[in-house]
Amino acid sequence: MQDELRWFEAAAASPSACLKQWQAQGGQAVGCLPYYVPEELIWSAGLLPVRLWGASTTARRAGGWFPPYVCSLVQTDLELALAGVYQGLRAAVGAPVCDSLRCLSQNWRAAVPELPLLTYSQPQNRATDYGKAFLAGEYRRLWGQLCALTDHAPEEARLQEAIGLYNRSRAQRRRFTALAGRRGRWVTASERCAVLKAAGFADPREYTAHLTALNDRLEALPAGDGGRIPVVTSGILCDHPRILALLDELGFFVAADDVAAESRSFAVDAPEYGADGCAALAEQFAALDRDPLLWSGGTPGGFRPGDREAHLASLARRSGAKAVVILAQQFCDPEELLSPGAKAAVEAAGIPCLLLPVDQQVADPGQAATLLETLRDLLE
Ligand code: SF4
C-alpha cells in the first residue's frame with residue numbers, strides 16, 4: 001500500500017511533472033479553474049484536464065491586479081499564470097460563480113492573453129428544465145471550442161466514453177474516502193489529501209487504475225483508528241502543507257469531508273448510456289446540493305438555508321467523527337457568510353466545531369497550531 005500511496009504523493013507534489021510526462025507522449029492539456037468544470041468535455045476533445053486551484057505561495061505580481069481582500073485561491077492562481085507556470089496549456093476553462101472568480105476572469109484576459117480563457121455560465125436554478133437546457137447549451141458551445149483546439153469534431157461516442165471513465169474515477173474516489181475514513185491508523189490527513197489531489201493532474205485512466213489497486217489493498221487491512229482522532233473537514237481546500245502536517249502531528253485523521261476540492265467535486269455521477277452527453281452532464285450538475293457556492297436548491301429561488309449545517313452534523317455522526325473542522329478560506333464571501341451558522345448548528349447538535357482560518361499565502365498560520373491543540377485537548 002505504501003508503494004501505491006507514493007505514486008499519488010508524487011503526482012500531487014508535482015503537477016508540472018505530470019503535465020510534462022503527458023506532453024512528452026504528444027498530449028495536450030487544458031486548465032480547469034474552480035468549480036465543477038465538466039472534465040469529460042475536455043477529455044473527449046483529446047485534452048488532459050489539469051486543475052488550477054492556486055498554490056501555497058505569495059502573490060507578488062498578481063497583487064497588482066487585485067485588491068488585497070480577494071481570496072488567496074484566485075490571487076495565487078493568477079500569480080502562477082503570470083509566472084509562466086501554466087505555460088504549455090492550450091487554454092483555461094472556468095465558470096465564474098463568485099465575485100472573486102469574476103474579477104479573475106476579467107483580469108486573466110488582460111494579464112495572460114497568451115493563455116485563452118474559455119468561460120461558460122452555470123445556471124442558479126439548475127434543476128429546472130430550463131436550467132438544464134440552458135446548461136446543456138453552454139456545454140455544447142464549450143465542447144465545440146475545446147474540440148477546435150485539437151481539430152477534433154465533437155463525437156458523442158467519445159463523450160459517452162469519457163463520462164463512463166470519470167464516473168469510474170469518482171466511484172473509486174468515494175470508495176477511497178469511505179475506506180480511509182474507517183482506517184485512520186493507515187491513512188494520514190496528508191496522504192488522503194494527496195490521493196484526492198492527484199486526480200486533478202494525472203491521466204484519468206492511470207489514476208483510476210492506481211486508485212482501484214490502492215483501495216483493494218486498503219480494504220484488505222483491518223479497520224481502526226490506531227488511537228487517532230476522527231474529524232470531518234469542510235471548506236474550499238484542505239491542501240495546506242502546514243495544516244495537514246498539524247493534523248498528522250496532533251493525531252487527527254479525516255473520517256469524512258465536505259470540501260469543495262475533495263468530496264463535493266466527486267459526489268455525483270453523470271447518467272450513462274444516453275444519447276446526449278451534454279444533457280447528461282447538465283443532469284449531473286442539477287443533482288448537486290448542499291454546496292454553499294451553489295445557491296439554488298433546485299426550484300426558482302429555492303435556496304434552502306440549513307441544508308449544509310444538517311449535512312455537516314449528519315456526516316460527523318455517520319462517520320464517527322468527534323469534531324468538525326471548518327477550513328475557513330480567508331476573504332471567501334460565500335464560505336464566510338455561511339460558516340458561523342454552520343458552526344453554531346453543528347455545536348447545537350452536540351458536536352464540537354472549530355472554525356480554522358486558512359490562506360494559501362500564509363505558510364504558517366500562527367493560530368492554527370494553538371486552535372488544533374486546544375481541540376485535541378478538548379476531545380481527549
Ligand atoms: S475561495 Fe471563495 S471567493 Fe475564492 S474563488 Fe472560491 S468561492 Fe470564490
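Above this text sits the structure in question.
Okay, so let's go over this structure. Quick caveat, the model's predicted, so the values are computed rather than measured.

**Things to note about the sheet that holds strand 4 (residues 117–119)**
- The parallel open sheet is built from four strands, whose spatial order is 2-1-3-4. Here the strands that pair on one side only, and so sit at the sheet edges, are strand 2 (47–51) and strand 4. Averaged over all adjacent pairs, the angle separating strand axes in this sheet is 30°, with direction ignored.
- Strands strand 1 (28–32), strand 2, strand 3 (92–94) and strand 4 of the sheet are contacted by helix 6 (residues 129–150), whose axis makes an angle of about 115° with strand 2.

**Overview of the site of the ligand**
- The immediate surroundings of the ligand are formed by 14 residues, with Cys71, Leu73, Cys98, Ser100 and Cys332 found nearest.
- Counting residues per element, the ones that place at least two in the shell around the ligand are helix 4 (72–82), helix 5 (99–111) and helix 13 (333–348).
- The element best represented in the shell around the ligand is helix 13, accounting for three residues.
- Residues belonging to the shell around the ligand are distributed by class as follows: ten nonpolar, two polar and two charged.

**Points about the nonpolar core**
- In terms of nonpolar packing, the biggest core is built from 116 residues, with Val30, Val50, Val93, Ala198, Val231, Val232 and Val324 touching the most fellow members.
- Filtering out sequence-adjacent residues up to four positions away, Val30 remains in contact with Ile42, Leu47, Pro49, Val50, Leu89, Arg90, Ala91, Ala92, Val93 and Leu146.

**What about helix 7 (residues 156–181)?**
- When the terminal C-alpha atoms of helix 7 are compared, their 37 Å separation across 26 residues agrees well with the 38 Å that a helix rising 1.5 Å per residue should span.
- Residues of helix 7 that are buried: Leu159, Gln160, Ala162, Ile163, Tyr166, Ser169, Gln172, Arg173, Phe176, Thr177, Ala180 and Gly181.
- Tucked into the core, helix 7 has its buried residues touching helix 3 (39–44), helix 8 (189–197), helix 9 (204–220), strand 6 (252–259), helix 11 (277–286) and helix 12 (307–319).

How each quantity is defined
Residues numbered from 1 in each chain as written. Predicted model: local features only at pLDDT ≥ 70, side-chain atom pairs only at ≥ 80, totals over all residues. Pairing = 2+ DSSP bridges. Helix = DSSP H or I, 4+ residues; strand = E, 2+ residues; numbered from the N terminus. Axes fitted to C-alpha atoms, helices over the stretch in contact; angles between N-to-C directions. Contact = placed C-beta atoms within 7 Å. Near = placed C-beta within 6 Å. Nonpolar A, V, L, I, M, F, W, Y, C, P; charged D, E, K, R; others polar. Core = buried A, V, L, I, M, F, W, Y, C linked by C-beta atoms within 7 Å. Buried ≥ 20, exposed ≤ 12 C-beta atoms within 10 Å, placed from the backbone. Expected span 1.5 Å × (residues − 1).

Remember that the coordinates give geometry; whether it matters functionally is a separate question.
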